[in-house]
Amino acid sequence: MPDVHAVIVGAGFAGLYMLHRLRRLGLSARVFEAGNGVGGTWYWNRYPGARCDVESMDYSYSFSDELQQEWKWSERYASQPEILSYINHVADRFDLHRDIQLSTRVTSATFDEAGRTWTITTDRGDRVAARFCIMATGCLSTAQVPKLPGRETFGGTTYHTGRWPHRGVDFTGQRVGVIGTGSSAIQSIPIIAAQAAHLFVFQRTPNFSVPARNAPLDPEFERQVKAAYADFRRQARESRVGFVVERSEASALAVTPDERRREYEKRWSRGGLGFTATYVDLLTNQEANDTAAEFCREKIRAAVRDPTVAALLAPKDYPVGTKRMCVDTGYYETFNRDNVTLVDIRRSPIEAITPAGLRTREAAYALDSIVFATGFDAMTGALLGIDIRGRGGRTLNDAWSEGPQTYLGLAVAGFPNLFAVTGPGSPSVLSNMIVSIEQHVDWIADCLEAMRARGHETIEATAAAQDAWVAHVNEIGHATLYPRANSWYMGANIPGKPRVFMPYIGGVGAYRQICDRVAAKGYDGFTLAGA
Ligand code: FAD
Ligand code: NAP
């Protein structure tokens with residue numbers, strides 16, 4: 001007999017809501033979390049400037065009307081401390097802590113075919129048998145530090161944005177190097193620059209970034225949303241990306257250059273992620289995309305005084321939006337400061353970390369601190385970090401040797417009763433993740449309830465359904481411009497990782513309908529078995 005109905009791995013937004021849903025069904029569950037607190041992303045990523053780039057009124061749970069009415073966000077985009085205190089509030093309010101074991105990393109999960117149970121083990125010596133194993137391990141939770149020679153010889157201090165010290169870091173008077181120019185770097189660089197004696201930014205690939213226009217939350221907007229929150233959330237669920245943006249159905253090429261500029265300007269001054277929704281074909285047609293990319297490059301040239309630095313900051317070799325858009329506050333302007341130097345490590349790569357700093361092919365840089373803003377082994381890193389063994393002892397690593405294969409991003413053939421929340425093959429990272437998390441958790445909880453009602457003990461994706469889903473995910477992914485970029489969506493940031501466009505780009509509204517249809521047809525594409 002299993003010890004619990006389900007083990008949930010991870011206590012971020014996904015794990016917490018999963019626990020809450022299972023409790024409400026009267027099912028026993030135990031959560032293991034590697035961190036020493038709940039919050040996931042918002043527990044780990046404490047770097048200066050960390051905040052969400054989906055607006056706070058959207059980037060929050062919708063499952064409890066009391067919760068969403070009571071909670072008051074202070075800014076358009078909430079800061080990391082505020083999001084973390086929100087998550088802790090949710091854990092307290094719904095009494096979640098008592099089933100969560102912190103500071104415990106799950107090391108293996110093995111399916112026993114005869115007993116139809118998963119045995120989960122941890123680095124603290126736990127061994128738990130569960131009917132279901134639910135991976136709420138996060139898409140961006142496995143920090144990636146490049147294997148640069150000499151790292152251990154560095155005489156100063158190194159940091160990774162996704163493993164930031166809880167005590168905070170004071171860079172006053174220091175020579176600091178930031179490696180990377182993705183979203184984490186772009187948020188932290190302006191703040192580190194204001195503190196450090198000198199900041200060196202080591203850039204391999206420039207990113208496109210739109211201004212956040214963050215501000216205190218407009219009380220009138222908050223009142224309007226709260227008066228119709230149910231409708232606001234419904235629209236988000238039915239939307240493409242999990243929040244409502246003004247979306248044009250026109251082609252960028254069907255309007256005059258003047259009209260296009262007006263429209264881009266409008267979005268730029270509004271700020272935020274809606275920029276790539278300006279025209280319907282920005283992510284499918286290179287020529288259309290070029291118009292938006294050139295607009296962004298002009299903005300960079302206008303913001304940065306030194307034309308050489310501006311040229312270096314302007315992305316040229318991939319379409320705008322095909323690497324995750326960044327959202328910033330004063331990023332480009334930071335390069336006008338006398339104490340900031342941009343170093344092109346595409347032209348002159350980092351050769352080694354040295355006791356005194358780091359060395360590129362062309363020069364040596366003396367540094368007191370190095371900040372790795374080098375991202376994550378996205379989407380598959382946390383799952384493959386666990387020794388997961390399904391039917392016949394087959395490992396997930398083996399099943400995914402050519403890239404992740406899932407049915408709906410939720411389940412894997414050969415791994416019965418294993419679910420992934422926002423797994424590869426689901427919209428996940430292309431959406432407001434809270435909307436996607438709630439949808440997956442609700443689907444899984446409904447599935448477990450239906451299985452209990454019908455006396456089923458196992459559910460497993462069929463290989464045929466999985467193959468068809470993988471083919472569909474690939475087909476629509478390849479109909480876009482996304483595969484043209486060396487992005488973490490493609491696994492390109494991790495040496496040796498298979499090149500596969502991992503998320504599902506069909507949109508969260510359409511995807512929800514697909515998942516609902518699968519459930520309505522008695523879990524079409526899955527095999528269910530009784531006791
Ligand atoms: P996570 O929050 O990543 O939680 C997973 C947890 O699982 C982690 O705490 C981890 O420690 C734990 N875990 C993993 N493996 C194990 C193991 N083997 N054993 C035990 N525990 C384990 N998304 C948006 O939609 N909008 C945003 O504005 C946004 N901003 C972001 C900003 C940053 C800096 C980052 C890194 C991501 C951001 N994201 C954003 C994505 C963000 O990850 C999701 O929105 C969301 O927080 C994910 O929740 P989760 O519970 O699925 O995963
Ligand atoms: P990221 O987007 O993957 O950026 C990592 C950066 O490090 C890139 O510039 C990358 O360059 C560089 N890099 C990686 N390995 C390197 C190496 N070996 N040598 C030199 N440079 C290297 O990671 P991130 O900035 O942490 O963001 C990850 C995701 O988290 C985002 O895309 C977003 O989804 C989410 N996030 C959101 C926010 C927000 O605003 N709410 C903030 C932070 C993160 P290349 O591009 O050349 O690989």
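For the structure, see preceding data.
The rules we used
Each chain has its residues counted from 1, running along the sequence as written. Here the convention is simple: chains get letters from A, ligands get numbers from 1, in the order in which they are written. Owing to the predicted nature of the model, reporting of local features is limited to residues with pLDDT of at least 70; listing and counting of side-chain atom pairs is limited to 80 or more, with chain, interface and lining totals taken over all residues. Only hydrogens and water are set aside when side-chain values are computed; all heavy atoms of the structure are taken into account. Only DSSP runs of H or I covering at least 4 residues are called helices, and only runs of E covering at least 2 are called strands; the numbering of each starts at the N terminus. In this description, contact between two residues means that some pair of their heavy atoms is separated by no more than 4.5 Å. A side-chain nitrogen of Lys or Arg and a carboxyl oxygen of Asp or Glu constitute a salt bridge if their distance falls within 4 Å. Only protein chains enter the calculation, and the probe is 1.4 Å; a residue is then buried if its accessible area is under 20% of its type maximum, exposed if over 50%, and partly exposed in between. To form a nonpolar core, buried Ala, Val, Leu, Ile, Met, Phe, Trp, Tyr and Cys residues must be joined to one another through side-chain atoms within 4.5 Å. In this analysis, the protein atoms alone were mapped onto a 1 Å grid. Cavities are point sets where a 1.4 Å probe fits without being able to get out; pockets are open sets with protein on both sides within 12 Å along at least five of seven lines; lining residues have an atom within 4 Å of a point. Grid points are joined across faces, edges and corners, and a volume is the space filled by probe spheres set on the points. Any residue that is not Ala, Val, Leu, Ile, Met, Phe, Trp, Tyr, Cys, Pro, Asp, Glu, Lys or Arg is counted as polar, Gly included; the first ten are nonpolar and the last four charged.

Participant: Break down the side chain of S184 for me, with residues and values.
Facilitator: The topology assignment puts S184 in helix 5 (residues 183–195). Residues within four places of S184 in sequence aside, it is in contact with Y47 and T161.

Participant: Describe the pattern of salt bridges, naming the residues involved and giving the relevant values.
Facilitator: One pass over the full model with this rule turns up 34 salt bridges. Across the pair R297 and E294 runs a salt bridge, and its minimum N-O distance is 3.0 Å. Pair noted here: R297 and E294 are both in helix 9 (residues 286–303), with a separation of 3 residues, about one helical turn. Under the relative-accessibility criterion, E294 is labelled partly exposed at 30%. Across the pair D524 and K521 runs a salt bridge whose closest N-O atoms are separated by 3.8 Å. Look at the salt bridges and you will find they share partners, linking E246, E263, K266, R267 and R270 into a network.

Participant: Residues and numbers for the nonpolar core, please.
Facilitator: With 109 residues, the main nonpolar core has F13, L22, Y61, L408, W443 and F526 as its most contacted residues. Here this core takes 11 residues from helix 14 (residues 433–454), the largest share from any one element. Those residues in contact with L22 that lie beyond four places of it in its chain are A6, I8, L27, A29, I134 and L448. In this structure, Y159, W164, I189 and V304 belong to the second largest nonpolar core, which totals 31 residues.

Participant: Requested: an account of the layout of surface pockets, with residues and values cited.
Facilitator: Put simply, the second largest pocket is a space of about 650 Å³. Every residue lining the second largest pocket is counted, 33 residues in all, and those nearest its centre are V241, R247, T276, L283 and Y482. Class assignment of the residues belonging to the lining of the second largest pocket gives a composition of 19 nonpolar, 9 polar and 5 charged.

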